[in-house]
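Observations on the three-dimensional arrangement
Spelled out from the first residue to the last, the chains are:
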Amino acid sequence: MTLAQMATADMGNWNGPYQVDTPYTATTDGFVTATSLEGGDQDCTMQIETPIGVIRQWANPNHDGVQITETSPVRKGDQWMVRYPDTGCGTVANGLVKIYWIPFDGNLGNWSEKIPSDTINTAATDEFVLATFVQGGDVTCTVATETPLGTIRQRANANHDGIQVTEMTPVRRGDQWRVTTSSCGTGTTVYRIPFEGVLS
């Protein structure tokens, strides 16, 4: 990608809604967004997988009308799916689940392996950092993404009854970043994916 192409990297038109538990193949780089509007005392886990079988975003509101939303980058040619495995939850048909896709010509790179939380990293390129707490159980856990260090851009608290949280944060080339955890044990997963757009 040339400098001129990098400067004009943009997004296409929104597409959807898409169905849960259905595999799709990305014909371009892009982002999938998923929202559960399920209310009441209902356990409804939602997770975005790409490639299928690798969880990039995972959240579970569990009760009290908590609602969730997730966003994940998807590489051109990769399959993706929004998994919604719990019974008795809302559906796309009744409007309680909304899944959309938007293409992005920022030339996404390869996903990293899992990155340990509470470690300092320096972005070699512009990139997205995804952090998800998937431990569950009756545990208080705060997950925060800092970039530059000391500046919290995303923060979420899973404070009881198996609530799970997820975050996606853009990071500028050359900036340091880390995902901090508090009382989370080993339940936090962190990934990064580079892109050749321009975060100016």
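A brief report on the enclosed structure follows. On a predicted model such as this, the values are computed, not experimentally measured, just so you know.

What follows is about the pairing of strand 9 (residues 127-133). With seven of seven residues buried, strand 9 is to be regarded as a mostly interior element. Here strand 9 shows two buried faces, one formed by Glu127, Val129, Ala131 and Phe133 and the other by Phe128, Leu130 and Thr132. Pairing of strand 9 with strand 12 (residues 165-171) involves seven bridges; the strand directions are antiparallel. Residue pairing across strands places Thr132 opposite Thr166, the latter belonging to strand 12. Of the pairings in the sheet, the one linking strand 9 to strand 14 (residues 188-194) comprises seven bridges and is antiparallel in character. For Leu130, the partnering residue across the bridge sits in strand 14 and is Tyr191.

Another aspect to go through is the packing of aromatic side chains. Overall, the coordinates contain 10 aromatic pairs when judged by the stated rule. Centroid distance Tyr18 to Tyr24: 4.8 Å. Interplanar angle 80°. Geometry classified as edge-to-face. With 4.6 Å between their ring centres and 15° between their planes, Phe128 and Phe195 make a pair best called stacked. Of this pair, Phe128 sits in strand 9 while Phe195 sits in the segment after strand 14; the two residues are 67 residues apart in sequence, bridging distant segments of the chain. These aromatic residues form a ring-pair network of at least three members: Tyr18, Tyr24, Trp80 and Trp101. Here Arg56 stacks its cationic end above the ring of Trp111, 3.8 Å away from the centre of that ring. Directly above the ring of Tyr191 sits Arg56, whose terminal nitrogen or CZ lies 4.5 Å from the centroid.

Strand pairing within a sheet occurs via backbone hydrogen bonds; the two strands may be parallel or antiparallel. One open sheet accounts for three strands, arranged 5-2-7; its pairing is antiparallel. Bordering the open sheet on either side are strand 5 (68-74) and strand 7 (97-103), each of which pairs with just one other strand. Neighbour-to-neighbour, the strand axes of the sheet open up by a mean angle of 15°, direction not taken into account. With seven bridges connecting them, strand 2 (residues 30-36) and strand 5 associate as antiparallel partners. Across the sheet, the residue bridging to Gly30 is Val74, located in strand 5.

How each quantity is defined
Residues numbered from 1 in each chain as written. Predicted model: local features only at pLDDT ≥ 70, side-chain atom pairs only at ≥ 80, totals over all residues. Heavy atoms only, no water. Buried < 20%, exposed > 50% of the residue type's maximum accessible area, 1.4 Å probe, protein only. Helix = DSSP H or I, 4+ residues; strand = E, 2+ residues; numbered from the N terminus. Pairing = 2+ DSSP bridges. Phe/Tyr/Trp six-rings, centres within 6.5 Å; stacked < 30°, edge-to-face > 60°. Lys NZ or Arg CZ within 6 Å of the ring centre and 35° of its normal. Axes fitted to C-alpha atoms, helices over the stretch in contact; angles between N-to-C directions.

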